[in-house]
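# Structure at a glance
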Amino acid sequence: MNDGWKMTIQCNATFISFVILSVLSPGFAYSLPNVILFFADNLGYSDIGAFSATFTSSSTKTPNIDKLAAEGIKLNNWNSAAALCSASRSALLTGKYPVRTGVFPGVFKPDAENGLSPDEITIAEYLKEKGYATSIIGKWHLGQREEYLPTNQGFDEWYGIPYHMSGGSIDSHLCGFDTNGTMWLPLFEGTHIIEQPVDLTNLAQRYAARGREFIRKSVEQNNPFFLYFPFSHVHQLCAPQQSSCQWASSQFSRNSPNATFYDAVEEMDWITGEIIRQLDESNIAHETLVIFTSDNGPWLAEQSCSGSKGPFLGKWFLDHAPSDCTACPHDYYPSPTLDRPHRCIFEGEDELWEIDGVKCGEDVGLGSCWEANVIMPGIARWPGKIPSGTETTEMVSTLDVVPTILALTDIAPRDVLDGMNILPVLYQDSERTVYNDRILYFWRDGFQEGPLPPPYGRYDVVAAKLGRIKAWIYTKSSHYNPDEEVYHDPPLLFDVLSDPAEAHPLDPVDYRDVIEEILLKIEEHKESITWGNPLTISRDPKYLPCSNRQTSCRSHFVTGMEEIQ
């Protein structure tokens, strides 16, 4: 055999060995990157240490998320796509404004007839077609009936809660609306209820273990994976507020499942750290894009049960909202007295619960379109791809997640998307186009009049952002508080980058061209909408999740109601 043939054989043998070792190695660099998407529930911008003006490494409650930010890019102008949870989640998974998918008004209730339409294409469906393993761990909130569950929307597996944490009772906290003791908060695996009510004393540990197991399994099978982790944290428990309205496991709260808000934040951070630790142990951090953000901001009327509005004070509105208007915690309603002008009450069967609400002008978080409910903490990390220790104020949106992941994985969208590919922003590409004239629209319900039943009125654009300029068409406090929406002509303008508190309106005379452009684009946007039936309104008690009607929808039996009061 001549030397040339020997060299060829040796080279081929070396190449074959490299291929075999690469395939078998847990650290093999997949041609398709893994994607992990963390999505918190009602987390305020400043509730994350890295986004707080008073951040210090010794005082932070979120060391793992802070580390994620330090190793990647902080997206300081990440905009939520919707005012409420279900709509925000549909926008995240489809890349489309919720008005296009019918996920409005309000949210899907535990007895909702509908859910996210199976005709919509989720990011999980796109990735599954590309060969990805797909998993969701945590809160779904896009329909609890079987045909709308995650495993029928592109996910191989699901372990979690079908809606918000205030949607049902747990053993230590009976919801005021659960008058017959059957609306227990369920835990699903796939399409089956495996625990009802869910045990919150160790749910976080089970969430983390499931996430780590999914990653290990995907690596062992040499599959690229998509892990969607919509936390059940930090949504409060149902009314009435009892010894506590937050929850956490016994690892983070001495009174588990009852907990403080900060217990819940710390537990969410711990789960994040466990998932990231598995990436390191599996040696795939450099093959994995990690994104962390929140669906919405804090539910401010819940006060100590929720987070902080941070710098997003909504100051102009605080100064101009009716001073006698009261925002109450969920399911409470105003009942003022002379000495308690903002008193709220919850009428139980045998007891009257009282609490002081807040002024409507202070309630500018969840359910509104003020900056406290618009600007989310946004982080992206991908070692070797995204430069560490960077940050940007370029405007991005929850709508951008789908088109960005599709571009990353070379998948062509099969629908018109409202978001855009922000990979150049994440990579901090020096030759990227900076879209200073990008426009985002902010929809909400809660109008006094309209075609929808009370308290919704209608679903409409109340504000829009053109670059750094935010134009308000209608102003109102959160949710369905008693203050009426106020129409602004010309629009109320703020430079939200230099004035995040929305305290100092700009002179509309100086921004005539901007106003004209924003109003024109709003009209064009509305004209592009093909209106369908709003999916969240229809409800029926027969659709409530129930594991066993013979045991009052409990997967384990409790003999007396006194045991759960």
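Structure's up top.
What comes next concerns the included structure. Quantities reported herein were computed from a predicted structural model and do not represent experimental measurements.

### Structural notes on empty space enclosed by the protein
Inspection of every chain in the model, using the stated rule, returns five cavities of 30 Å³ or more. Reported here for the largest cavity is a volume of approximately 80 Å³. Lining the largest cavity we find 13 residues, and of these Ala83, Leu84, Gly106, Asp445 and Tyr459 sit closest to its centre. A class-by-class count of the residues in the lining of the largest cavity yields nine nonpolar, two polar and two charged. Looking at the second largest cavity, its volume works out to about 50 Å³. Residue assignment for the lining of the second largest cavity shows that the elements contributing at least two residues are β2 (73-79) and α9 (401-408). Along the lines of polarity and charge, the residues of the lining of the second largest cavity split into seven nonpolar, one polar and one charged.

### Remarks on helix α11 (residues 512-527)
Over its 16 residues, α11 extends 23 Å from the first C-alpha to the last, a length consistent with the 22 Å expected when each residue adds 1.5 Å. Every buried residue of α11 is listed here: Ile515, Ile518, Ile522 and His525. Relative to the axis of α11, the buried residues are bounded by an arc of 95° and lie together on one face. Exposed positions of α11 whose direction lies more than 90 degrees from the buried face are Arg512, Asp513, Glu516 and Glu527. The inward-facing, buried residues of α11 contact α4 (98-101), β19 (439-444), β20 (460-466), β21 (469-475) and β22 (486-495).

### Considering the sheet that holds strand β14 (residues 352-356)
Strand order in the open sheet made by the three strands is β12-β13-β14, with antiparallel pairing throughout. Edge strands, defined here as strands with exactly one partner in the open sheet, are β12 (333-334) and β14. Alignment of β12 against strand β13 (residues 343-347), held across two bridges, turns out to be antiparallel. Its bridge partner being in β13, Pro334 is matched across the sheet by Cys344.

### Regarding the layout of surface pockets
Size it by volume and the largest pocket reaches roughly 740 Å³. Along the walls of the largest pocket sit 34 residues, with Lys109, Trp299, His330, Asp331 and Tyr480 positioned nearest its centre. At the level of elements, β11 (326-327) and β12 are the ones that each hand at least two residues to the lining of the largest pocket. A class-by-class count of the residues in the lining of the largest pocket yields 19 nonpolar, ten polar and five charged.

### Here we look at a negative patch on the surface
Among the surface-exposed residues, Asp437, Asp513, Glu516 and Glu517 lie close enough to one another that they form a single negatively charged patch. Tracing the chain through its elements places Glu517 in helix α11. Exposure remark for Glu517: the relative accessible area of 33% places this residue in the partly exposed category.

### Remarks on the sheet that holds β21
Strand order in the open sheet made by the four strands is β19-β20-β21-β22, with antiparallel pairing throughout. Each edge of the open sheet is held by one strand with a lone partner, namely β19 and β22. Between one strand axis and the next, the sheet turns through 20° on average, direction left out of account. Note: β21 against β22, six bridges, orientation antiparallel. Note on β22: the bridge partner recorded for Thr475 is Val486. Against the sheet, α11 makes contact with β19, β20, β21 and β22, and its axis sits at roughly 130° relative to β20, the strand it touches most.

### Notes on the state of the cysteines
Inspection of the entire model under this criterion finds five disulfides. In this model Cys325 forms its disulfide with Cys360; the gap between the sulfur atoms is 2.0 Å. Disulfide Cys325 to Cys360: torsion about the S-S bond roughly -60°, handedness left-handed. With Cys325 in the loop between α8 (315-320) and β11 and Cys360 in the loop between β15 (358-359) and β16 (375-381), this residue pair connects regions lying 35 residues apart in the sequence.

### Regarding the packing of helix α6 (residues 203-220) against helix α7 (residues 261-281)
At a minimum axis separation of 9 Å, α6 and α7 run at an interaxial angle of 20°. On the basis of their axis angle, the class for α6 and α7 is roughly parallel. Handedness of the crossing formed by α6 with α7: right-handed. Judged by residue contacts, Ala204, Gln205, Ala208, Gly211, Arg212, Ile215 and Arg216 of α6 engage Glu267, Trp270, Ile271, Glu274, Ile275, Arg277, Gln278, Leu279 and Glu281 from α7. For the contact of α6 with α7, the per-class residue count stands at seven nonpolar, three polar and six charged.

### Observations concerning unusual backbone geometry
That bond from Ser256 to Pro257 is cis: its omega, 10°, falls within 30 degrees of zero. Mapped onto the elements of the fold, Pro257 is located in the loop between β8 (246-247) and β9 (258-259). Residue Pro490 follows Asp489 across a cis peptide bond; omega there is 5°. Looking at the secondary structure, you find Pro490 in strand β22. Notably, Asn42 is not glycine yet its phi reads approximately 60°, a positive angle. Mapped onto the secondary structure, Asn42 falls in the loop between β1 (34-40) and α2 (63-70). Of note, Asn283 is a non-glycine position whose phi angle comes to about 60°, a positive value. The topology assignment puts Asn283 in the loop between α7 and β10 (288-294). Relative accessible area serves as the criterion here: at 52%, Asn283 is assigned to the exposed category.

Parameters at a glance
Residues numbered from 1 in each chain as written. Predicted model: local features only at pLDDT ≥ 70, side-chain atom pairs only at ≥ 80, totals over all residues. Heavy atoms only, no water. 1 Å grid on protein atoms, 1.4 Å probe; cavity = no way out; pocket = protein on both sides within 12 Å on 5 of 7 lines; lining within 4 Å. Points joined across faces, edges and corners; volume = space filled by probe spheres on them. Nonpolar A, V, L, I, M, F, W, Y, C, P; charged D, E, K, R; others polar. Helix = DSSP H or I, 4+ residues; strand = E, 2+ residues; numbered from the N terminus. Expected span 1.5 Å × (residues − 1). Buried < 20%, exposed > 50% of the residue type's maximum accessible area, 1.4 Å probe, protein only. Arc of directions from axis to C-beta. Contact = heavy atoms within 4.5 Å. Pairing = 2+ DSSP bridges. Patch = residues over 30% accessible without salt bridge, like charges linked within 9 Å, V, L, I, M, F, W, Y side chains within 5 Å. Areas by Shrake-Rupley, 256 points an atom, 1.4 Å probe, with all protein chains shown as cover. Salt bridge = Lys/Arg side-chain N within 4 Å of Asp/Glu carboxyl O. Lys, Arg positive; Asp, Glu negative; His and termini not counted. Charge placed at Lys NZ, Arg CZ, Asp CG, Glu CD. Axes fitted to C-alpha atoms, helices over the stretch in contact; angles between N-to-C directions. Disulfide = S-S within 2.5 Å. Parallel < 35°, antiparallel > 145°, perpendicular 65-115°, else oblique. Left-handed = near helix turned anticlockwise from the far one by under 90°.

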